[in-house]
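# Observations on the model geometry
Here is what each chain is made of, one letter per residue.
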Amino acid sequence: MSQGRVLLAVSGGIAAYKIPDLIRALKRAGHSVRCALTPAAGRFVTPLTLQTLSGEAVRSELFDPAEEGQIDHVALADWADVVVVAPATAHLLARMAHGLADELVTTLLLATRAPVLVAPAMNVNMWENPATRENCERLRARGVWFVGPESGLLACGWEGEGRMAEPAAIADAVERVLAPPSLRGETLLVTAGGTREPLDAVRALTNRSSGKMGFAVAREAARRGAEVVLVAGPSALETPPGVERVDVETALEMREAVFRALPRAGVVVMTAAVADFRPAQREQHKIKKEDLAEDAGLTLELVRNPDILAEVCRTPGTRTVVGFAAESRDVIEAARRKLRRKGCDLLVANDVSRTDAGFDTDTNAVSFVWPGGDVEELPLLSKAQVAAHLLDRVEKLREERA
Ligand code: PMT
């Protein structure tokens, strides 16, 4: 168990009443905890409670001479091995996303070089608001960790996503953030997103893959110290810190980029939704219906794309290869057949029949399907958490083989 220095930044939300339990969980795990409060946080949980449980003075003012005299705010930001923001309100996430430093907590967040873990808590409509979504996307792209929020009955009376993760889940996430760089010396090749197969000058065949799953794997691998090459189909996501990104459009381009990087890779994780077929020919100009007979349909001829994963698995070497399979029915059986056909070391079966999993969602529901027949079903998790579980399995495989 890593024993770290946890700076707990508490903002003003009703979920702050759970913070005493979080402090207890962190202390039980052997961590030192110091608390910093936004001006509103003290209305929901008293500084005296937090001070008693953490055993440390609590800070709430940026320029209070007495507080600064004990430990100045920059020293506090430097002290932390991890900063946990719980609860993280919509307003605090917005200020973080824009780099504001208008009171103690935001100033600490801007000054620290430690990893930051946020546990959002708010009304479901605020959580689903595009402004909050964009702010979270921006923070994720900067490497900020998220735990929760969870679904359920909210304090405001609404039901839905917005409840702060339970203290035990936040404490677990802290362990993962503090984990040592276990993939140092390893090179990971990750594919992400969907491919786009042009039909004419303006149209293309594609799918709804956003790249979120693959980007999460790349981000987590980089955090664990790996060198990461991310071969990405068209995606609006920002490149995770420390990741080498190769943008491609078609399956043929993806294949080329994968085989260029393959000699360096000890681990290959293929989350991309690669088009199995592409138009036999790409029209140079836009196909116009006026050029066709009145009421005539249009028949497209498609040809097969190469199966990149199967080709990688057939390429001699000692690398570990993980495939993904998006399935909407008979998920495990379909994944088992795919695993046998492609020959990878592990197949991640992705249940895409649910609205909260699969394409373009922040959460995912997956099972690990092993060549020996074993299946490990994971609960609904954030894609970052799925990535962490996946890389835990990859590390174990590598250790067993070494
Ligand atoms: O990007 P997101 O919005 O986050 O969505 C993530 C995801 C749902 C796309 C991802 O989690 C997922 O399930 N990816 C697999 C998509 C899929 O349906 O793959 P498949 O069943 O067509 O192929 C199985 C495996 O072979 C995959 O690893 C795929 O990358 C690979 N493949 C497939 C076809 C092909 N021509 N070449 C390949 O390498």
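Report follows, based on the coordinates. Note that the structure is predicted; figures quoted are calculated from it, not measured.

Pairing is parallel in the open sheet, where five strands are placed in the order β2-β1-β3-β4-β5. Of all strands in the sheet, those bounded by a partner on one side alone are β2 (32–37) and β5 (145–146). Pairing of strand β4 (residues 116–120) with β5, which is carried by two bridges, proceeds in the parallel orientation. Paired with Leu 117 across the strands is Trp 145, a residue of β5. Contacts from helix α9 (residues 167–178) reach β1 (5–10), β3 (82–88), β4 and β5 within the one sheet, and its direction differs from that of β3 by about 155°.

Here the focus is the sheet that holds strand β8 (residues 187–192). A sheet is described by the order of its strands in space; here eight strands give the open sequence β12-β11-β8-β13-β16-β17-β19-β20, paired in mixed fashion. Of all strands in the sheet, those bounded by a partner on one side alone are β12 (243–247) and β20 (375–377). For this sheet, the mean angle separating the axes of adjacent strands, direction not counted, is 15°. Each of β8, β11 (227–232) and β12 touches helix α11 (residues 251–261); the most contacted strand, β8, lies at about 175° to it. Its contacts with the sheet place helix α13 (residues 331–342) against β16 (320–327), β17 (346–351), β19 (366–369) and β20, and it is angled at close to 150° to β17.

Counting across every chain of the model gives zero aromatic pairs. In this structure, Arg 140 is placed above the aromatic ring of Phe 146, and the distance from its NZ or CZ to the ring centre is 4.2 Å.

Before going further, it helps to examine the nonpolar core. Among the nonpolar cores identified, the biggest contains 34 residues, and Leu 188, Val 217, Val 228, Leu 230, Val 269, Phe 368 and Leu 390 are the most heavily contacted of them. Every element with two or more residues in this core is listed here: β8, α10 (212–223), β11, β13 (267–270), β16, β17, β19 and α14 (383–401). The leading source of residues in this core is α10, at seven residues. Excluding residues within four positions of it along the chain, Leu 390 makes contact with Val 217, Val 269, Val 322, Phe 324, Leu 346, Val 348 and Phe 368. Leu 26, Leu 50, Ala 121 and Ala 173 belong to the second-largest nonpolar core, a separate cluster that totals 33 residues.

Quick look at the site of the ligand now. Inspection of the region around the ligand gives 27 residues, with Ser 209, Ser 210, Ala 272, Lys 338 and Asn 350 positioned closest. Between the ligand and the protein, one listed contact pairs a nitrogen atom with a backbone N or O atom of Thr 271 at 2.9 Å. A distance of 2.6 Å separates an oxygen atom of the ligand from a polar atom in the backbone of Asp 360. Its free accessible area being 780 Å², the ligand has 96% of it covered by the protein chains. Taken together, the elements giving at least two residues each to the shell around the ligand come down to α10, α12 (308–314), β16 and α13. Broken down by element, the residue count for the shell around the ligand peaks at four residues, all from β16. For the shell around the ligand, a count of residues per class yields 12 nonpolar, eight polar and seven charged.

What counts as what
Residues numbered from 1 in each chain as written. Predicted model: local features only at pLDDT ≥ 70, side-chain atom pairs only at ≥ 80, totals over all residues. Heavy atoms only, no water. Pairing = 2+ DSSP bridges. Helix = DSSP H or I, 4+ residues; strand = E, 2+ residues; numbered from the N terminus. Contact = heavy atoms within 4.5 Å. Axes fitted to C-alpha atoms, helices over the stretch in contact; angles between N-to-C directions. Phe/Tyr/Trp six-rings, centres within 6.5 Å; stacked < 30°, edge-to-face > 60°. Lys NZ or Arg CZ within 6 Å of the ring centre and 35° of its normal. Core = buried A, V, L, I, M, F, W, Y, C linked by side-chain atoms within 4.5 Å. Buried < 20%, exposed > 50% of the residue type's maximum accessible area, 1.4 Å probe, protein only. Near = heavy atom within 4 Å. Polar contact = N/O pair within 3.5 Å; in protein donor to acceptor, adjacent residues only side chain to side chain. Areas by Shrake-Rupley, 256 points an atom, 1.4 Å probe, with all protein chains shown as cover. Nonpolar A, V, L, I, M, F, W, Y, C, P; charged D, E, K, R; others polar.

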